[in-house]
Structure formats: C-alpha cells, structure tokens
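Residues per chain are reported as follows:
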Amino acid sequence: VLLPRAAAAREVLPEWLRAAGAEVTTVAVYRTNPATLDVAVLRQQLMAGELDALTFTSPSIVRPFFALLDDDARAATRRCVVAAIGSVTAAALREAGRPADVLAEVAGARSLVEALVRHMAPGTGGA
C-alpha cells in the first residue's frame, strides 16, 4: 500500500495496515507550516474579546497556535468558543489546556461548521 500523507501524520493507519498483513510505504506529500501572522494583533483581538470562535482542524495547528500566546492571551481564549474537527484534535486542545467547547460529529469541515453553527445559534446558550 502506498500511503501519501502529511509529514507529521500519526502512525495509526500504517500500523493498522501492517497488522492486517499489508506492506506499507508512506510518502510525505505535504508539510504543515505555521502561518505568517501578526502575533501582536492576534493577542490584541483575543484580549479585546473580538474573536467569537476559534476552529482547529488538526493537532498540528493546536500546538503552534497556543505556543504563540502568552498566559493572558491563552486565558482570553476562554471567551471564545473553541471548536475541534475530531477527537484527536480535541485531545490536543485538552493537552494545551483549552478543551473544545464544540466537537464535530464526523471529522470533516462540513460537520465542524454545522456543529459550530448549532452551538452558536440564538437560544442554544452559545451566542
């Protein structure tokens, strides 16, 4: 099995395939690099309560995001709704000290958006 994947991908799938008897070759076809952003502006937006929601689609996004923030900015994320695309990302958020408020039912962008909309809808307590 040729398995194209991210350079930082977990070994779960290759290990499962090998355990099932497959010969597996993994090929890193992309890397997740941190976005270039103005950390001071991000911090200011968090501290001012200007951000309603933060969405996370992988652990490789969670770790660098929280590494950018000082203690006050990390604490300010508690004013935002934090949404995770799946259980692995939710686990990374817990490890970062900011558990998810919203978890997609199915790991995918559409499910993440739907869960966030449900949570933020008037009358649901999220908005």
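Residues numbered from 1 in each chain as written. Predicted model: local features only at pLDDT ≥ 70, side-chain atom pairs only at ≥ 80, totals over all residues. Heavy atoms only, no water.

1. Section: the pattern of salt bridges
Here is the rule we go by: Counted as salt bridges are all cases of a side-chain nitrogen of Lys or Arg within 4 Å of a carboxyl oxygen of Asp or Glu. Put simply, DSSP H or I for four residues or longer makes a helix, DSSP E for two residues or longer makes a strand, and each gets a number counted from the N terminus. Note on exposure labels: buried denotes an accessible area under 20% of the residue type's maximum, exposed denotes more than 50%, and partly exposed covers the range between, all computed with a 1.4 Å probe on protein chains only.
Taken as a whole and assessed by the stated rule, the structure comprises 7 salt bridges. Note that Asp72 and Arg43 form a salt bridge whose closest N and O atoms lie 3.7 Å from each other. On the criterion of sequence distance, the pair formed by Asp72 in helix H4 (residues 71-76) and Arg43 in helix H2 (residues 39-47) is long-range, its members being 29 residues apart. For Asp72, a relative accessible area of 47% puts it in the partly exposed group. For the salt bridge of Arg74 with Asp71, the shortest nitrogen-to-oxygen distance reads 2.9 Å. Taken together, the positions of Arg74 and Asp71, both in helix H4 and 3 residues apart, correspond to about one turn of that helix. The exposure class of Asp71 is exposed, given its relative accessible area of 61%. What you see here is one network of salt bridges that share partners, running through Arg43, Asp70 and Asp72.

2. Considering the side chain of Ser111
The following threshold applies: For this analysis, residues touch if any pair of their heavy atoms sits within 4.5 Å.
As for its placement among the helices and strands, Ser111 is situated in helix H6 (residues 109-120). Taking relative accessible area as the criterion, Ser111 reaches 13% and is therefore assigned buried. Beyond its immediate chain neighbours, meaning those up to four positions away, Ser111 contacts Ala104, Glu105 and Val106.

3. Re the layout of surface pockets
Quick reminder of the rule: Residues are said to line a cavity or pocket when one of their atoms sits within 4 Å of a point; the points come from a 1 Å grid over protein atoms alone, cavities being sets where a 1.4 Å probe fits but cannot get out and pockets being open sets with protein on both sides within 12 Å along at least five of seven lines. Grid points are joined across faces, edges and corners, and a volume is the space filled by probe spheres set on the points. Under the scheme applied, nonpolar residues are Ala, Val, Leu, Ile, Met, Phe, Trp, Tyr, Cys and Pro; charged residues are Asp, Glu, Lys and Arg; polar residues are all the others, including Gly.
Roughly 550 Å³ of internal volume is contained in the largest pocket. Taken together, 24 residues line the largest pocket, and the ones lying closest to its centre are Ala8, Ala9, Arg10, Ser58 and Pro59. Those elements that provide at least two residues to the lining of the largest pocket are strand E1 (2-6), helix H1 (12-19), helix H3 (59-68) and helix H5 (87-95). Broken down by element, the lining of the largest pocket gets its largest block of residues, 6 residues, from H5. Of the residues that constitute the lining of the largest pocket, the class distribution is 13 nonpolar, 7 polar and 4 charged. The volume enclosed by the second largest pocket comes to roughly 320 Å³. Lining the second largest pocket we find 13 residues, and of these Ala35, Leu37, Ile61, Pro64 and Phe65 sit closest to its centre.

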